[in-house]
Every structure is written in structure tokens, then in C-alpha cells.
Amino acid sequence: TYGTGTKPVIRDLNGMVGAIFYFKQTQGVEITGFELIGGNLNDEVALHISGSSNPNDRPSKDLVISDCDIHHFGTGSWNIPFETPTSNCASGFELHNCNIYDIGDDGVFWVEVENIVIEGCHIYNVAINVGNAGDGIHIVEQCENYLIKNNIIDRRGSVDKFCFIS
């Protein structure tokens, strides 16, 4: 936490980074009070959480993102699940009081995650790429134990999809 004033900015100036934060087999991380600005509404991701094809690898867990502004990305927060049926799901992903906007596809897209909390977020201007069919929050495939509450998901001006889908 950085106290009062403007949030520190992490910006991708050329849209070629791929992800501002990339987590693989990461545990116990909290990111608070940043503005994350992308440069590519097609492919770039603000927060990329990756799995592993090796069932012996430890899963990512206990990741908390709070009080962040996340905008001008292809997807706000995205994870790639563990790819084998014998692997453990990722666990303990949380988003609190974040503004996620001006996103090319999904605001939040999580797959095979247990113990999810998305609370107090404002998600708007998602799926702004012509022809994209992004959702506000999309959690799918073996996502269990989730709490989605006190969020504003504004889909005005977006193509035909959903505020929340599971």
C-alpha cells in the first residue's frame, strides 16, 4: 500500500509484453494499489496466472489483487489451468475493489480455480474489440467454492454476451 495520492503505474508502452504480472506456481502474493495500463487490446493480459502440465508441480494459490485499476488489455485477469486430469486445481484467487475497464475480451477469465472471491469490483467496457464475445466475469471448468458479491458489471456498449458466466 502506498498511502494517499495517485497510484503507482505499471505500463506496457508498446503492447508487446504479454502480461504485466505473470505467475506460475506462485503462492502467497498480494498486489495492492497499482494502476496497470496495457498497450494491446487483442492479446495482452494484465494478470496471467499459469498452470503446469507436470502434476508434481505446486499449484498457484493464495493470490490477492486489491485496489487496482486495470485497463487497456486484451483480458484483465486470466489463468491457464493445469492441463492434466491428475493435477491439483489452483486455489485462493481473490480480486477486491478493482476497476477493470477498456478490455478487449473478458474482464476476468479463470479456469479450474477453487476458493474464488471477487468483491467490490467495477467491471465495464469489456469486449470492446469488434467481434469479440467477452464477458464481465467468466469462471469455468471445475471452478468451485466461489463468492462473487457487491460488484458492478456494466455491459452497456459491449457485444452480446454476459455479465457473469460459470
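**Focus: the sheet that holds strand 4 (residues 35–37)**
With respect to topology, six strands assemble into an open sheet ordered 1-4-7-10-13-16, the strand pairing being parallel. Each edge of the sheet is formed by a strand with only one pairing partner; in this case those strands are strand 1 (9–11) and strand 16 (152–154). For this sheet the average axis-to-axis angle between neighbouring strands, irrespective of direction, equals 10 degrees. Where strand 4 lies against strand 7 (residues 69–73), three bridges are found, and the strand directions are parallel. Bridge pairing in strand 7 links Ile-37 to His-71.

**Digging into the packing of aromatic side chains**
With the rule as written, the count across this model stands at three aromatic pairs. Centre to centre, the rings of Phe-21 and Phe-23 are 6.0 Å apart; their planes meet at 0 degrees, and the pair counts as stacked. The exposure class assigned to Phe-21 is buried, which follows from its relative accessible area of 19%. Aromatic rings pair up to connect Phe-21, Phe-23 and Phe-34 into one cluster.

How each quantity is defined
Residues numbered from 1 in each chain as written. Predicted model: local features only at pLDDT ≥ 70, side-chain atom pairs only at ≥ 80, totals over all residues. Heavy atoms only, no water. Pairing = 2+ DSSP bridges. Helix = DSSP H or I, 4+ residues; strand = E, 2+ residues; numbered from the N terminus. Axes fitted to C-alpha atoms, helices over the stretch in contact; angles between N-to-C directions. Phe/Tyr/Trp six-rings, centres within 6.5 Å; stacked < 30°, edge-to-face > 60°. Buried < 20%, exposed > 50% of the residue type's maximum accessible area, 1.4 Å probe, protein only.

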